Amino acid sequence: MDIIATFCPKYKDRPQIAKVVEKNRKGYSIHWMTGTYSGPWSVAKKKDGRKKVPWVDTVKESDIIYKKITLTSGQKLSNKVVQTLRALYATKDASKK
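In short, a report on the structure.

So, how was this worked out
Residues numbered from 1 in each chain as written. Predicted model: local features only at pLDDT ≥ 70, side-chain atom pairs only at ≥ 80, totals over all residues. Heavy atoms only, no water. Phe/Tyr/Trp six-rings, centres within 6.5 Å; stacked < 30°, edge-to-face > 60°. Helix = DSSP H or I, 4+ residues; strand = E, 2+ residues; numbered from the N terminus. Buried < 20%, exposed > 50% of the residue type's maximum accessible area, 1.4 Å probe, protein only. Lys NZ or Arg CZ within 6 Å of the ring centre and 35° of its normal. Contact = heavy atoms within 4.5 Å. Salt bridge = Lys/Arg side-chain N within 4 Å of Asp/Glu carboxyl O.

Time to look at the packing of aromatic side chains. In the structure shown here, the tally under the stated rule is 1 aromatic pair. Between Phe 7 and Tyr 89, the aromatic rings sit 6.2 Å apart at their centres with planes inclined by 35 degrees, giving tilted as the arrangement. Of this pair, Phe 7 sits in the loop between strand S1 (3–6) and strand S2 (16–24) while Tyr 89 is found in helix H1 (residues 79–96), placing the two residues 82 residues apart along the sequence. Of the two residues examined, Phe 7 and Tyr 89, each falls in the buried class. We note Arg 86 situated over the ring of Tyr 37; from NZ or CZ to the ring centre the distance is 4.0 Å.

Topologically, Thr 6 is positioned in strand S1. Residue classification places Thr 6 among the buried positions, given a relative accessible area of 3%. Among all residues touching Thr 6, those that are not within four sequence positions of it are Gln 16, Trp 32, Val 59, Asp 63, Ile 64, Ile 65 and Tyr 89.

Before going further, it helps to spend a moment on the pattern of salt bridges. Summed over all chains, the structure comprises 3 salt bridges. Across the pair Lys 23 and Glu 61 runs a salt bridge whose closest N-O atoms are separated by 3.9 Å. Taken together, the residues Lys 23 in strand S2 and Glu 61 in the loop between strand S7 (56–59) and strand S8 (64–66) connect sequence positions 38 residues apart. For Glu 61, a relative accessible area of 38% puts it in the partly exposed group. With a shortest N-O distance of 2.5 Å, Glu 61 and Lys 67 are connected by a salt bridge. Among the residues examined, Lys 67 registers a relative accessible area of 40% and is labelled partly exposed. Linked by salt bridges that have partners in common, Lys 23, Glu 61 and Lys 67 make up one network.

As structure tokens, then:
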């Protein structure tokens with residue numbers, strides 16, 4: 001499954017990374033991931049009653065700013081991906097103002 005980055009101005013202080021579950025008519029069904037530019041990434045969980053389940057959402061193709069992200073063996077973003085994401089987020093943020 002591919003890992004993608006989306007642009008969400010509300011959460012611009014950290015990358016918005018998600019694992020694609022499937023492509024459908026409305027866009028992409030995703031599992032959000034949690035992590036930082038320098039730390040490891042894992043699937044984000046939310047509470048559903050007493051248990052924790054993957055945080056599932058749907059995003060439009062137009063919200064995706066970077067596709068085919070690969071994580072290192074330590075589940076981290078590579079330096080090249082970090083630099084690319086920072087540049088993309090800065091560009092998107094500047095164009096939204």
